[in-house]
Amino acid sequence: MAVDANVLIFERTREELRAGKTLYRSIEAGFYRAFPSILDGHVTTLISCAALFWLGSGLVKGFALTLALGVGISLFTALTCTRTFMLSVINFQNLRKPQYFAPNIPPITKRQPEVTP
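Here the structure is a predicted model, which means the values were calculated and not measured.

**What about the pattern of salt bridges?**
Okay, so step 1: Enumeration over the complete set of coordinates arrives at 6 salt bridges.
Okay, so step 2: One salt bridge connects Arg-33 with Glu-15, and the closest N-O pair in it is separated by 3.1 Å. Here the residue Arg-33 occupies a position in helix H2 (residues 23-55), and Glu-15 occupies one in helix H1 (residues 2-18), the gap between them amounting to 18 residues.
Okay, so step 3: Between Lys-21 and Glu-16 there is a salt bridge whose closest N-O contact spans 2.9 Å.
Okay, so step 4: Judged by its relative accessible area of 28%, Lys-21 falls in the partly exposed class.
Okay, so step 5: Each of Arg-12, Glu-15, Glu-16, Lys-21 and Arg-33 takes part in salt bridges that share partners, so that together they form one network.

Structure representation (structure tokens):
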């Protein structure tokens, strides 16, 4: 689940970079666009955990509880720790290049200016 959440975030960020947004705006939009998918996947798994815990016994209840804790921690880290890490990385001038996040995109000087709604 944690890997899936990070893949969704990074792919959405790449899509935004390819659309011509700045790096900061791409990261913010990537998290915003990936959030519903991440939340749906985690909530679905938590519902399964609740059913296993309610209907199971012994080891199954332990598995359900352990899985639920892991999914909850995964949701937290995907939405807070990953965002903090990505935003702190772009604070370094040497790492603030969109090509590091999405290879094969045109350089910033050749891209269209960003239009705000």
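Read on for the rest.
**Regarding the confidence of the model for the protein**
Okay, so step 1: In this model, the protein carries an average pLDDT of 87, and 90% of its residues clear a pLDDT of 70 or more.
Okay, so step 2: The secondary structure element of the protein with the lowest average pLDDT is helix H4 (residues 98-101), at 81, and the one with the highest is H2, at 94.

Conventions adopted
One numbering rule holds for all chains: residues counted from 1, following each sequence as written. Note on the predicted model: pLDDT of at least 70 is required for a residue's local features to be given, and 80 or more for side-chain atom pairs to be given and counted; whole-chain, interface and lining totals, by contrast, use all residues. To obtain the side-chain values, all non-hydrogen atoms of the structure were included, while hydrogens and water were left out. In what follows, salt bridge is the name for a side-chain nitrogen of Lys or Arg lying within 4 Å of a carboxyl oxygen of Asp or Glu. Secondary structure elements are defined from DSSP: runs of H or I of at least 4 residues count as helices, runs of E of at least 2 residues count as strands, and each element is numbered from the N terminus. Partly exposed describes any residue whose relative accessible area lies between the buried limit of under 20% and the exposed limit of over 50%, with all areas from a 1.4 Å probe on protein chains only and scaled to the type maximum. Per-residue confidence from the prediction method is given by pLDDT, with values spanning 0 to 100.

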